[in-house]
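# Close look at the chain arrangement
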Amino acid sequence: MKSFLCIVILYLCLSMLVVSCSESDPAPTCMQAEVIGPDNCQNGWYILKLKDDATLAGSQSNHYIGQLHGGYVTTRNLPEEYRQEGLQLKLSLELDEEPTQICPAIYVIYPAVRVVRVCGQAS
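In this text, all values refer to a predicted model and were calculated from it rather than measured experimentally. (Residues numbered from 1 in each chain as written. Predicted model: local features only at pLDDT ≥ 70, side-chain atom pairs only at ≥ 80, totals over all residues. Heavy atoms only, no water.)

## What about the nonpolar core?
What counts here: In these notes, a set of buried Ala, Val, Leu, Ile, Met, Phe, Trp, Tyr and Cys residues joined through side-chain atoms within 4.5 Å is what counts as a nonpolar core. Buried residues are those whose accessible area, probed at 1.4 Å on protein chains only, stays under 20% of the maximum for their type, while exposed residues exceed 50% and partly exposed ones sit between those limits. Each helix corresponds to a stretch of at least 4 residues labelled H or I by DSSP, and each strand to a stretch of at least 2 residues labelled E; elements are numbered beginning at the N terminus. It only takes one pair of heavy atoms within 4.5 Å for two residues to be counted as in contact.
Core analysis: the biggest nonpolar cluster contains 15 residues, and Val35, Leu48, Leu50, Leu78, Leu89, Leu91 and Leu93 have the highest contact counts within it. Secondary structure elements with two or more residues in this core: β1 (31-38), β2 (46-50), β4 (88-95) and β5 (112-121). With residues up to four places along the chain from it excluded, the contact list for Leu78 reads Val35, Tyr46, Leu48, Arg83, Leu89 and Val115.

See the structure below:
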């Protein structure tokens, strides 16, 4: 009886492990953003103004972000063909946990994000 109980407990633990590992992470949603221009803080970084109403991803999985209310963010991996000031885009973004931006002077530092994918140009 004792060995049967151990087998049942082992089976339950393994099934919980399989279920927790098989959950797929939701894909980040596309949001509308406007390219403001290069970030004065450091070359290669661009400032985006996020248009949709949402909140930062504290409650969202995998650090994907919805959006700051009227918020500005900065990114270093905006594809080159989309680096035009005033361009309206639909993007999927996630928080950049390893920002390497260095400001040589005092500037406004915006939250760093990575562009996961470009969903297209906004109309």
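## Some thoughts on the packing of aromatic side chains
Counted only if it meets this: Pairing of aromatic rings covers Phe, Tyr and Trp, the last through its six-membered ring, and needs centres within 6.5 Å; plane angles under 30 degrees mean stacked, over 60 mean edge-to-face, and all others mean tilted.
Using the criterion set out here, one finds 1 aromatic pair in the structure. Where Tyr72 meets Tyr110, the ring centres are 5.7 Å apart and the plane angle is 40 degrees; that geometry is what we call tilted. With Tyr72 in strand β3 (residues 72-75) and Tyr110 in the loop between β4 and β5, this pair connects stretches of sequence that are 38 residues apart. Looking at Tyr72, the relative accessible area reads 31%, which means it is partly exposed.

## Regarding the environment of Leu48
As for its position among the elements, Leu48 is in strand β2. Residue classification places Leu48 among the buried residues on the basis of a relative accessible area of 0%. A C-alpha to C-alpha distance of 9.5 Å links Leu48 and Glu85, two positions 37 residues apart in sequence. Sequence-distant contacts of Leu48, that is, excluding residues within four places in its chain, are made with Glu34, Val35, Ile36, Gly71, Tyr72, Val73, Thr75, Leu78 and Leu91.

## A look at the side chain of Thr74
Basically, it comes down to this: Throughout this description, a polar contact denotes any pair of N or O atoms lying within 3.5 Å of each other; where both atoms belong to protein, one of them has to be capable of donating a hydrogen while the other can accept it, and for residues adjacent in sequence the pair is counted only when both atoms sit in side chains.
Among the secondary structure elements, Thr74 is positioned in strand β3. In terms of polar contacts, Thr74 uses its side chain to reach the backbone carbonyl oxygen of Tyr46, at 3.3 Å. Filtering out sequence-adjacent residues up to four positions away, Thr74 remains in contact with Asp39, Trp45, Tyr46, Ile47, Gln101, Tyr110, Pro111, Ala112 and Val113.

## Some remarks on the environment of Ile102
Assignment of secondary structure puts Ile102 in the loop between β4 and β5. The sequence separation of Ile102 and Asn43 amounts to 59 residues, and the corresponding C-alpha distance is 9.8 Å. With sequence-adjacent residues up to four places away left out, Ile102 is seen in contact with Cys41 and Gln42.

## A few points about the state of the cysteines
Counted only if it meets this: In this description, a disulfide is simply a cysteine sulfur pair whose atoms lie within 2.5 Å.
Taken as a whole and judged by the stated rule, the model has 1 disulfide. Through a disulfide, Cys30 is tied to Cys119; the S-S separation comes to 1.6 Å. Handedness here is read from the sign of the S-S torsion; for Cys30 and Cys119, about -55 degrees, the answer is left-handed. Taken together, the residues span a long stretch of sequence, with Cys30 in the loop between α1 (2-22) and β1 and Cys119 in strand β5 at a distance of 89 residues. For Cys119, a relative accessible area of 34% corresponds to the partly exposed category.

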